[in-house]
Amino acid sequence: MFNGRAYDLTEWISKHPGGEFFIGRTKNRDITSIIGAYHRNPEKIARMIERFALDRDAVLEDVHPKNNAPDFLFREGFDSWRDTPQYRFDEKGDLLHRVKARIAEPELAARIKRMDRYFDIVAVVLFVAYFAVEGLRLFERSWMPLWAFVVLMVVLRSSLAGFGHYAIHRAQKGANKILVNAFDMNYVALSFVTADGHALLHHPYTQSEVDIKKNVFTFMMDLPRGFRIPIHTLHKFGHAVSGMTIRMFEICKLTRKVGMADMYGSWRGGLPHFVGAFGTRLLLLAELAAFIAMGDFWAWLLQFVVTMWISTFMVVASHDFEVDTEDLETGDPDDWAVNQLEQAYDLRVVGNRYVDCFLSAGLSSHRAHHVLPFQRSGFANIASEDVIREEAAAFGVEWLPPKSFFFDRLPTQVATYLGARSRPAQEQDLGFWREHFSPAALKTCADYTIKGFTGIGTV
């Protein structure tokens with residue numbers, strides 16, 4: 001569905017310039033906001049897809065009630081037809097059109113292209129450094145003490161995930177189908193499935209009921225607060241060891257059932273996605289095996305725990321996910337770009353935006369990223385930030401300074417996600433003992449642990 005009309009884009013899957021993945025995953029969805037947000041010229045796209053129009057208004061049966069995504073990712077009673085936000089993208093004077101016109105100016109457009117190249121060069125250096133650090137710890141331990149190894153692995157894994165974050169927003173074509181799996185390097189996500197939830201459900205519909213990102217990281221709130229850290233850690237360890245691999249085999253079965261043509265256009269179009277995803281999981285498992293073989297399992301485990309927890313909080317630090325959707329205030333509910341600016345934060349880690357772009361997994365210039373999600377790199381967003389800030393001022397949008405991850409966001413998140421009573425305890429007003437040691441609480445802990453090893457839960 002697009003602008004309330006019905007379309008059949010099956011023929012366009014293998015021809016889509018942005019890659020087959022995005023068209024295949026939007027089947028039976030409302031793609032109005034996706035086209036408006038992810039294309040420099042959505043009016044041109046609207047004219048182009050008219051050849052696929054079914055010459056009728058969309059009806060309830062055209063839209064999958066859960067966006068062709070797992071039911072558990074949405075609140076109970078969610079219905080895509082009713083609950084998907086509607087924005088206007090045809091108003092030439094809105095914030096998004098004014099920003100797009102500015103970044104198309106030759107001088108800035110050329111600078112953005114240079115920034116994309118610099119971003120990719122830094123990413124290559126980080127990949128080399130990543131393998132060098134692991135190699136030194138495995139074979140020349142005296143040159144890589146434990147504390148340095150853990151710190152460097154946290155930094156490098158977060159940075160590589162930052163590259164993967166932007167790879168998700170690039171055209172899913174060629175080598176990028178493989179490189180996009182760098183998003184998995186911090187043990188939090190599985191890009192094979194979160195590319196859909198992140199690019200197609202989070203960015204166009206930020207902080208709405210369609211935005212599964214705000215739900216994905218709150219599953220741990222079902223756990224008793226005193227057990228939350230060890231059980232969630234074990235859950236994510238299960239994801240790393242077996243869960244995500246099982247999840248990918250299930251996707252293979254689903255793809256076979258639905259048909260490769262409907263999901264990826266063709267075997268040639270889909271195979272690189274599977275090669276990259278399985279290859280990345282094999283790499284992560286091979287690292288674990290190597291550290292066990294070299295008698296250094298505890299070093300691997302320590303960097304896993306620190307990386308996973310910092311990255312988990314980092315991923316949700318750039319939005320007010322701890323605030324109920326109905327409590328969020330926005331200036332103009334119909335202006336998509338204004339909403340994006342008001343519902344996202346820029347993050348500061350060390351204070352340098354270019355360094356923080358990688359340390360924050362791509363979130364140092366996060367508001368620019370949300371207004372221009374089609375840009376290819378965090379450096380390009382930094383280059384665009386002055387223009388967005390200037391244009392936003394004309395719409396009365398206050399440009400707040402970046403929030404410190406460690407001093408502004410992390411304390412709030414720890415209090416919310418680790419210190420609060422479990423959801424069942426809040427709903428039933430249970431005391432500390434019953435929250436932790438009732439049969440239902442212990443069953444929840446056991447189920448949550450098992451789900452980690454079987455690939456169900458937080459992604």
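Description of the structure in this document. Model, not experiment: these values are computed from the prediction.

Conventions used here
Residues numbered from 1 in each chain as written. Predicted model: local features only at pLDDT ≥ 70, side-chain atom pairs only at ≥ 80, totals over all residues. Heavy atoms only, no water. Helix = DSSP H or I, 4+ residues; strand = E, 2+ residues; numbered from the N terminus. Rg over C-alpha atoms; globule rule 2.2 N^0.38 Å. Buried < 20%, exposed > 50% of the residue type's maximum accessible area, 1.4 Å probe, protein only. Contact = heavy atoms within 4.5 Å. Areas by Shrake-Rupley, 256 points an atom, 1.4 Å probe, with all protein chains shown as cover. Lys, Arg positive; Asp, Glu negative; His and termini not counted. Charge placed at Lys NZ, Arg CZ, Asp CG, Glu CD. 1 Å grid on protein atoms, 1.4 Å probe; cavity = no way out; pocket = protein on both sides within 12 Å on 5 of 7 lines; lining within 4 Å. Points joined across faces, edges and corners; volume = space filled by probe spheres on them. Nonpolar A, V, L, I, M, F, W, Y, C, P; charged D, E, K, R; others polar. Phe/Tyr/Trp six-rings, centres within 6.5 Å; stacked < 30°, edge-to-face > 60°. Lys NZ or Arg CZ within 6 Å of the ring centre and 35° of its normal. Axes fitted to C-alpha atoms, helices over the stretch in contact; angles between N-to-C directions. Parallel < 35°, antiparallel > 145°, perpendicular 65-115°, else oblique. Left-handed = near helix turned anticlockwise from the far one by under 90°. Salt bridge = Lys/Arg side-chain N within 4 Å of Asp/Glu carboxyl O. Polar contact = N/O pair within 3.5 Å; in protein donor to acceptor, adjacent residues only side chain to side chain. Patch = residues over 30% accessible without salt bridge, like charges linked within 9 Å, V, L, I, M, F, W, Y side chains within 5 Å.

Here we come to the overall build of the protein chain. A tally of regular secondary structure across the protein chain gives 22 helices and four strands. Its C-alpha atoms give the protein chain a radius of gyration of 22 Å, within 12% of the compact-globule value 23 Å for 459 residues. Across the 459 residues of the protein chain, 56% fall into the buried class. If you take every contact in the protein chain between residues at least 6 apart in sequence, the share linking residues at least 24 apart comes to 76%. Just so you have it, the protein chain exposes about 20,200 Å², and 62% of that area is on carbon and sulfur atoms. Looking at charge distribution, the protein chain has the averaged site of its 51 positive side-chain charges lying 6 Å from that of its 54 negative ones.

Moving on, we come to empty space enclosed by the protein. The tally for this structure, following the rule as stated, stands at three cavities of 30 Å³ or more. Roughly 70 Å³ of internal volume is contained in the largest cavity. Together, Phe 21, Gln 172, Lys 177, Val 180, Asn 181, Ser 191, Phe 192, Ala 195, Tyr 264 and His 273 line the largest cavity. Top contributing element to the lining of the largest cavity by residue count: helix H9 (residues 191–202), with three residues. By residue class, the composition of the lining of the largest cavity is five nonpolar, four polar and one charged. Here the second largest cavity defines a volume of roughly 50 Å³. Forming the walls of the second largest cavity are Tyr 187, Val 188, Ala 189, Lys 236, His 239, Ala 240, Met 244 and Arg 281.

Put simply, the largest pocket is a space of about 960 Å³. Contributing to the lining of the largest pocket are 43 residues, with Arg 25, Pro 70, Val 193, Asp 196 and Arg 247 lying nearest its centre. Looking at the lining of the largest pocket, the elements that each hand over two or more residues are helix H1 (20–25), helix H7 (146–168), H9, helix H10 (213–216), helix H11 (228–258) and helix H12 (260–264). Here the element with the most residues in the lining of the largest pocket is H9; it accounts for seven residues. In the lining of the largest pocket, the residues fall into 25 nonpolar, 11 polar and seven charged. Space inside the second largest pocket adds up to approximately 830 Å³. What lines the second largest pocket is a set of 32 residues, among which Gly 18, Tyr 38, His 39, Arg 40 and Phe 374 lie closest to the centre.

Two aromatic rings are characterised by how far apart their centres lie and by the angle between their planes. Here the structure, examined in full by the defined rule, presents 30 aromatic pairs. Taken together, a centroid distance of 4.9 Å and an interplanar angle of 70 degrees make the contact between Phe 405 and Phe 406 edge-to-face. Overall, the relative accessible area of 1% leaves Phe 405 in the buried class. Within the aromatic cluster, the residues linked to one another by ring pairs are Phe 119, Phe 127, Phe 163, Tyr 166, Tyr 354, Phe 358 and Phe 379. It is Arg 367 that lies over the ring of Trp 399; its NZ or CZ is 4.2 Å from the centre. Note that Lys 403 overlies the ring of Tyr 345, its terminal NZ or CZ placed 4.7 Å from the centroid.

With their axes 9 Å apart at the nearest point, H7 and helix H14 (residues 297–315) run at an angle of 40 degrees to one another. If you check the angle between H7 and H14, you find them oblique. Two packed elements cross with a definite hand, and for H7 against H14 that hand is right-handed. The residues of H14 that touch H7, namely those facing Leu 146, Phe 149, Val 150, Met 153, Val 154 and Arg 157, are Ala 299, Trp 300, Leu 302, Gln 303, Val 306, Thr 307 and Ile 310.

This part covers the environment of Pro 106. Counting through the fold element by element, Pro 106 comes out in helix H6 (residues 106–139). Here the alpha-carbon distance between Pro 106 and Phe 297, two residues 191 residues apart in the chain, equals 53 Å.

In this section: the pattern of salt bridges. Once their charged atoms are close, side chains differing in charge can pair, the charge on each being opposite to the other. Under the defined criterion, the tally for this structure stands at 28 salt bridges. With its nearest N and O atoms 3.6 Å apart, the salt bridge here joins Arg 389 to Glu 385. Of this pair, Arg 389 and Glu 385 both sit in helix H18 (residues 378–394), four residues apart, which is roughly one turn of that helix. Each member of the salt-bridge network shares a partner with another, and the members are Arg 98, Arg 102, Glu 105, Glu 390 and Glu 391.

The subject of this paragraph is the side chain of Thr 26. By secondary structure assignment, the location of Thr 26 is in the loop between H1 and helix H2 (32–38). A polar atom in the side chain of Thr 26 sits 3.2 Å from the backbone oxygen of Phe 22. Residue contacts for Thr 26: discarding those within four places in its chain leaves Ile 31, Ile 34 and Leu 200.

Here Ser 318 shows up in the loop between H14 and helix H15 (336–342). Among the polar contacts made by the side chain of Ser 318, one reaches the side chain of His 366 at a distance of 3.5 Å.

Here we take up a positive patch on the surface. Side chains of Arg 40, Lys 113, Arg 114 and Arg 117 sit close together on the surface and give a patch of like positive charge. Considering the arrangement of structural elements, one finds Arg 40 in the loop between H2 and helix H3 (42–48).

Now for the environment of Ser 422. For Ser 422, the location among the structural elements is in the loop between helix H19 (405–418) and helix H20 (423–428). Distance from Ser 422 to Thr 26, taken between C-alpha atoms, is 35 Å for residues 396 residues apart in sequence.

Let us now look at unusual backbone geometry. A positive phi angle, close to 50 degrees, is found at Asn 3, a residue other than glycine. Structurally, Asn 3 is set in the segment before strand E1 (5–7). The exposed category is assigned to Asn 3, whose relative accessible area is 53%. Despite not being glycine, Asn 28 has its phi angle at roughly 60 degrees, a positive value. Tracing the chain through its elements places Asn 28 in the loop between H1 and H2.

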